[in-house]
Amino acid sequence: MSQPVGRVPQRRNARSNRARILATARQELGRNPDITLEELARASGVVRRTLFGHFPGRAALLEALAEEAAEALQSAVAAAPPAPEQAERALAHFSLSMWPVGDRYRMLLALARRDLGVDRVNEILKPARARATGILERGQRDGVFHPHLPPAVLSAGLEAMTVALLEEVNTGAFEDDGTRVAVATLIAAGVPEKRALVVVDDAAATAAAEDAAGG
């Protein structure tokens, strides 16, 4: 049976509209967490019916953003080398790879507990938390990171610091491409500042070279 004329363009337009709505939501929710769906439709350049056709309510829109964030986080975790030579380099790579995801979806920070709920946020962050804890555990065992906190507790502290810095980005008080946060993360884990700067510079250069080769 032949495909009805116009079906493919309509589907393509629907995908394009959905992507544009989500991209606009990431931007506008960062500016105003209480923006209405009607206001978001206008900002997205679509009519109200189109937005509600994709997202029948605020909860559906936020869940779509949360799902995007979860997939991006899982991809970033999966892309990291499973067992790099040095734990400090692994932590630098991890921090650098996580920052773009956090920066892209930082608007969810203001909405996480109120709209998504703690359980959903924990579910999204679980793979990243497991990877960070594993790196810290190995680094403590190798004498690279300070051992006075259990790995999971230290991981939670580093996560809280990163979240706080993302919130500062939200307010416009702080800008970073991820390198300054990575250096701060290594220092907080117990790496001397000069060594942290060298490790992060090397990890950033390697990541840039890999991106260039892949692009």
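Placed above this text is the structure.
Please read all numbers here as calculations on a predicted model, not as lab measurements. (Residues numbered from 1 in each chain as written. Predicted model: local features only at pLDDT ≥ 70, side-chain atom pairs only at ≥ 80, totals over all residues. Heavy atoms only, no water.)

Draft legend 1. The arrangement of the overall build of the chain in detail. Check the secondary structure of the chain and you find ten helices and zero strands. Going residue by residue from the N terminus, the α and β elements of the chain occur as α-α-α-α-α-α-α-α-α-α. With respect to the three principal axes, the spread of C-alpha positions in the chain is 65 × 40 × 30 Å. Going through the 215 residues of the chain one by one, you find that 37% of them count as buried. Summarising the internal contacts of the chain: among those between residues at least 6 apart in sequence, 70% fall at separations of at least 24. Just so you have it, the chain exposes about 12000 Å², and 54% of that area is on carbon and sulfur atoms. (Helix = DSSP H or I, 4+ residues; strand = E, 2+ residues; numbered from the N terminus. Buried < 20%, exposed > 50% of the residue type's maximum accessible area, 1.4 Å probe, protein only. Contact = heavy atoms within 4.5 Å. Areas by Shrake-Rupley, 256 points an atom, 1.4 Å probe, with all protein chains shown as cover.)

Draft legend 2. Expanded view of the packing of helix H5 (residues 87-104) against helix H7 (residues 118-141). Between H5 and H7, whose axes approach to 9 Å, the crossing angle comes to 160°. The angle between H5 and H7 places the two elements in the roughly antiparallel class. The crossing of H5 and H7 is left-handed. In contact with Ala87, Ala90, Leu91, Phe94 and Met98 of H5, H7 contributes Ala128, Arg131, Ala132, Ile135, Leu136, Arg138 and Gly139. Of the residues in the contact of H5 with H7, the class split is nine nonpolar, one polar and two charged. (Axes fitted to C-alpha atoms, helices over the stretch in contact; angles between N-to-C directions. Parallel < 35°, antiparallel > 145°, perpendicular 65-115°, else oblique. Left-handed = near helix turned anticlockwise from the far one by under 90°. Nonpolar A, V, L, I, M, F, W, Y, C, P; charged D, E, K, R; others polar.)

Draft legend 3. Seen up close, the packing of helix H4 (residues 58-79) against H5. Running from amino to carboxyl end, H4 crosses H5 at an angle of 170°, the nearest separation of the two axes being 9 Å. Our classification of the angle between H4 and H5 gives roughly antiparallel. The two elements H4 and H5 meet at a crossing, and its hand is right-handed. Mapping the contact onto sequence places Ala69, Ala72, Leu73, Ala76 and Val77 in H4 and Ser97, Met98 and Val101 in H5. Residues of the contact of H4 with H5, tallied by class, amount to seven nonpolar, one polar and no charged.

Draft legend 4. Broad picture of the nonpolar core. Leu29, Leu61, Leu65, Leu91, Phe145 and Leu186 are the most contacted members of the largest nonpolar core, which has 53 residues in total. Sort the elements by how many residues they give to this core and H4 lands first, with ten residues. Dropping the residues within four chain positions of it, Leu91 is found in contact with Ile135, Leu136, Phe145, Thr185, Leu186 and Ala189. Core analysis: the second largest hydrophobic core is formed by five residues, Leu166, Val169, Phe174 and Val181 among them. (Core = buried A, V, L, I, M, F, W, Y, C linked by side-chain atoms within 4.5 Å.)

Draft legend 5. Structural context of the side chain of Ser95. Here Ser95 shows up in helix H5. For Ser95, a relative accessible area of 8% translates into the label buried. Residues in contact with Ser95, not counting those within four places in the same chain, are Val181, Ala182 and Thr185.

Draft legend 6. The environment of Leu136, seen in detail. Assignment of secondary structure puts Leu136 in helix H7. The class of Leu136 is buried, set by a relative accessible area of 0%. C-alpha separation for the pair Leu136 and Leu154, spaced 18 residues apart in sequence, amounts to 7.8 Å. Not counting chain neighbours up to four residues away, the residues in contact with Leu136 comprise Leu91, Phe145, Pro151, Leu154, Ser155, Leu158 and Ala189.

Interpretation note: all reported values are geometric properties and have no functional meaning in isolation.
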